[in-house]
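Survey of secondary and tertiary structure
Read off the chains here:
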Amino acid sequence: QVQLVESGGGLVQPGGSLRLSCVASGSIFRLDAMGWYRQAPGKGRELVAAFTTGGSTNYADSVKGRFTISRDNAENTVHLQMNSLKPEDTAVYYCTAPNKYTGILYWGKGTLVTVSS
């Protein structure tokens, strides 16, 4: 069984920063392929950032240059540093990790990020 627990969401003013964290537990997920998705009100879920094969990273065009994904292998933790936040970044942010055998994504329960003045 895999559990993903996100933290770090909250209310921030435009231009501000937040750092999200996700702690993973279990043994059948791939830490090296974890990522973050988000779902804004009235919209579908979209990929924000993720680690890809070979240690590379993939970012949505809308967050490139502002968001950075990182991980701590020893702590089974993935972070998302979000800078220069915009109102359109308001969403529930979900941590994901693929099953190492099937590739099916496990999802956390999400953490709400609200960017507003």
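To keep things clear, this report deals only with the structure shown in the data block.

Quick notes on the rules
- Residues numbered from 1 in each chain as written.
- Predicted model: local features only at pLDDT ≥ 70, side-chain atom pairs only at ≥ 80, totals over all residues.
- Heavy atoms only, no water.
- Helix = DSSP H or I, 4+ residues; strand = E, 2+ residues; numbered from the N terminus.
- Rg over C-alpha atoms; globule rule 2.2 N^0.38 Å.
- Core = buried A, V, L, I, M, F, W, Y, C linked by side-chain atoms within 4.5 Å.
- Buried < 20%, exposed > 50% of the residue type's maximum accessible area, 1.4 Å probe, protein only.
- Contact = heavy atoms within 4.5 Å.
- Pairing = 2+ DSSP bridges.
- Salt bridge = Lys/Arg side-chain N within 4 Å of Asp/Glu carboxyl O.
- Polar contact = N/O pair within 3.5 Å; in protein donor to acceptor, adjacent residues only side chain to side chain.

1. As for the overall build of the protein chain
A count of helical and extended segments in the protein chain gives zero helices and eleven strands. Mapped in sequence order, the helices and strands of the protein chain form the string β-β-β-β-β-β-β-β-β-β-β. Its C-alpha radius of gyration of 13 Å places the protein chain within 12% of the 13 Å reference for a compact globule of 117 residues. On the principal axes, the C-alpha backbone points of the protein chain span a range of 45 × 25 × 25 Å.

2. Details of the nonpolar core
In this structure, Met34, Trp36, Leu80, Met82 and Tyr93 are the most contacted members of the largest nonpolar core, which totals 30 residues. What Met82 contacts, discounting residues up to four positions off in sequence, is Gly16, Ser17, Leu18, Leu20, Arg66, Phe67, Tyr93 and Val113.

3. A few points about the environment of Lys109
Note that Lys109 resides in the loop between strand E10 (105–107) and strand E11 (111–115). For Lys109, a relative accessible area of 80% puts it in the exposed group. Residues Lys109 and Val92 lie 17 residues apart in sequence; the distance between their C-alpha atoms is 9.1 Å. In contact with Lys109, not counting residues within four places along its chain, are Leu4, Glu6 and Tyr94.

4. Some points on the environment of Ser25
Among the secondary structure elements, Ser25 is positioned in strand E3 (residues 18–25). In this structure Ser25 comes out as partly exposed when scored by relative accessible area, which is 33%. Those residues in contact with Ser25 that lie beyond four places of it in its chain are Gln1, Val2 and Gln3.

5. Some remarks on the pairing of strand E5 (residues 45–51)
Put simply, side chains in a regular strand alternate between the two faces of the sheet. As defined by bridge partners, strand E4 (residues 35–39) adjoins E5 across five bridges and the pair is classed as antiparallel. Following the sheet pairing, Tyr37 is matched in E5 by Leu47. Where E4 hands over to E5, the hairpin turn is made up of five residues, of which Gly42 adopts a positive phi near 75°. If you look at the hairpin formed by E5 and strand E6 (residues 57–59), you'll find five residues sitting between the two strands, and Gly54 has a positive phi there, around 90°.

6. Structural notes on the pattern of salt bridges
Per the counting criterion, the structure on display carries five salt bridges. Across the salt bridge formed by Arg30 and Asp32, the nearest N and O atoms sit 3.0 Å from each other. Residue Arg30 is classed as partly exposed on the basis of its relative accessible area, which comes to 31%. One salt bridge connects Asp89 with Arg38, and the closest N-O pair in it is separated by 3.0 Å. A residue pair is termed long-range when its members are at least 10 positions apart, and Asp89 in the loop between strand E8 (77–82) and strand E9 (91–98) and Arg38 in strand E4 qualify at 51 residues. Exposure class is identical for Asp89 and Arg38. Each is buried. Taken together, the shared-partner salt bridges in this structure form one network comprising Arg38, Glu46, Arg66 and Asp89.

7. Digging into the side chain of Thr77
Its location among the elements puts Thr77 in strand E8. Using a relative accessible area of 7% as the deciding quantity, one classes Thr77 as buried. Within the local environment of Thr77, its side chain forms a polar contact with the backbone oxygen of Glu75, the two atoms lying 2.9 Å apart. Setting aside residues no more than four positions away along its own chain, Thr77 makes contact with Ser21, Cys22, Val23, Leu31, Ser70, Arg71 and Asp72.

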